[in-house]
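Okay, here's what each chain looks like letter by letter:
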Amino acid sequence: MRLLAAGYGSAGDAVSEARSLDDALALSQRTGEVWFAPELHRLKGLLACEDRAAAEQQFRCALDIARRQGSMLWQLRAATSLARLLRDQGKLDEARNLLGPVYGRFTEGFDTPDLKQAAAMLDEL
């Protein structure tokens, strides 16, 4: 369903993309396969860019679930997206304090796109 959502997004159909993400979250809850739930919430947050409160809620939900799962990658992605939103709101200290500790737990993989993006965000902050 995530790939279907991405296809809708590429086609510019945000409504169908959001519906596909909702369907994927519902399926995740029904089946108990929740390992991808943080990323689904993060993607919903990215779709909600016009509604900053809704986007922030989705990013924080993604971050909370990722923390409970112990998934460093999902935490990093959610924290980077939330830090970007906070930066855009002028909340630089909050963004730095959120992303810095998550990024700081990594000890390898610094050449991966996710860590490069997080490092660039921290440099901006």
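Residues numbered from 1 in each chain as written. Predicted model: local features only at pLDDT ≥ 70, side-chain atom pairs only at ≥ 80, totals over all residues. Heavy atoms only, no water.

Trainee: When you look at the packing of helix α3 (residues 37-47) against helix α4 (residues 52-69) in this model, what are you seeing that I'm missing?
Mentor: Two numbers describe a pair of packed helices, the interaxial angle and the distance between the axes. Across the interface, α3 lies against α4 with an axial gap of 8 Å and an inter-helix angle of 165°. In terms of orientation, α3 and α4 fall into the roughly antiparallel class. Regarding α3 and α4, the two cross each other, and that crossing is left-handed. Between α3 and α4, the contacting residues are A37, P38, H41, R42, K44, G45 and L46 on the first element and A55, Q58, F59, C61, A62, I65, A66 and Q69 on the second. Here the contact of α3 with α4 is composed, by residue class, of 9 nonpolar, 4 polar and 2 charged. (Axes fitted to C-alpha atoms, helices over the stretch in contact; angles between N-to-C directions. Helix = DSSP H or I, 4+ residues; strand = E, 2+ residues; numbered from the N terminus. Parallel < 35°, antiparallel > 145°, perpendicular 65-115°, else oblique. Left-handed = near helix turned anticlockwise from the far one by under 90°. Contact = heavy atoms within 4.5 Å. Nonpolar A, V, L, I, M, F, W, Y, C, P; charged D, E, K, R; others polar.)

Trainee: What should I look at first to understand the packing of aromatic side chains in this one?
Mentor: Remark: the centre distance and the inter-plane angle together describe each pair of aromatic rings, the angle taken between the planes. For the coordinates displayed, the defined rule picks out 4 aromatic pairs. Ring geometry for W35 versus W74: centroids 6.3 Å apart, planes at 25°, classification stacked. Remark: W74 occurs in helix α5 (residues 72-88) and W35 occurs in the loop between α2 (14-31) and α3; sequence separation between them is 39 residues. Looking at W74, the relative accessible area reads 10%, which means it is buried. Here a set of aromatic residues connected by ring pairs shows up, and it is made of W35, F36 and W74. (Phe/Tyr/Trp six-rings, centres within 6.5 Å; stacked < 30°, edge-to-face > 60°. Buried < 20%, exposed > 50% of the residue type's maximum accessible area, 1.4 Å probe, protein only.)

Trainee: Honestly, the side chain of Q58 in this entry has me stumped. Any pointers?
Mentor: Secondary-structure assignment places Q58 in helix α4. When near neighbours in sequence (up to four residues on either side) are disregarded, Q58 contacts H41, R42, K44 and G45.

Trainee: Explain the pattern of salt bridges here, please?
Mentor: Considering all chains together, one arrives at 10 salt bridges under this definition. Residue E124 pairs with R87 through a salt bridge whose shortest N-O separation is 2.5 Å. Here E124 is found in helix α7 (residues 113-124), whereas its partner R87 is found in helix α5, with 37 residues between them in sequence. On the basis of relative accessibility, which here comes to 51%, the residue E124 falls in the exposed class. A residue is classified by how much of its surface remains accessible, and R87, at 23% relative accessible area, is partly exposed. Linked through salt bridges whose partners overlap, the residues forming this network are E39, R42, R77 and D114. (Salt bridge = Lys/Arg side-chain N within 4 Å of Asp/Glu carboxyl O.)

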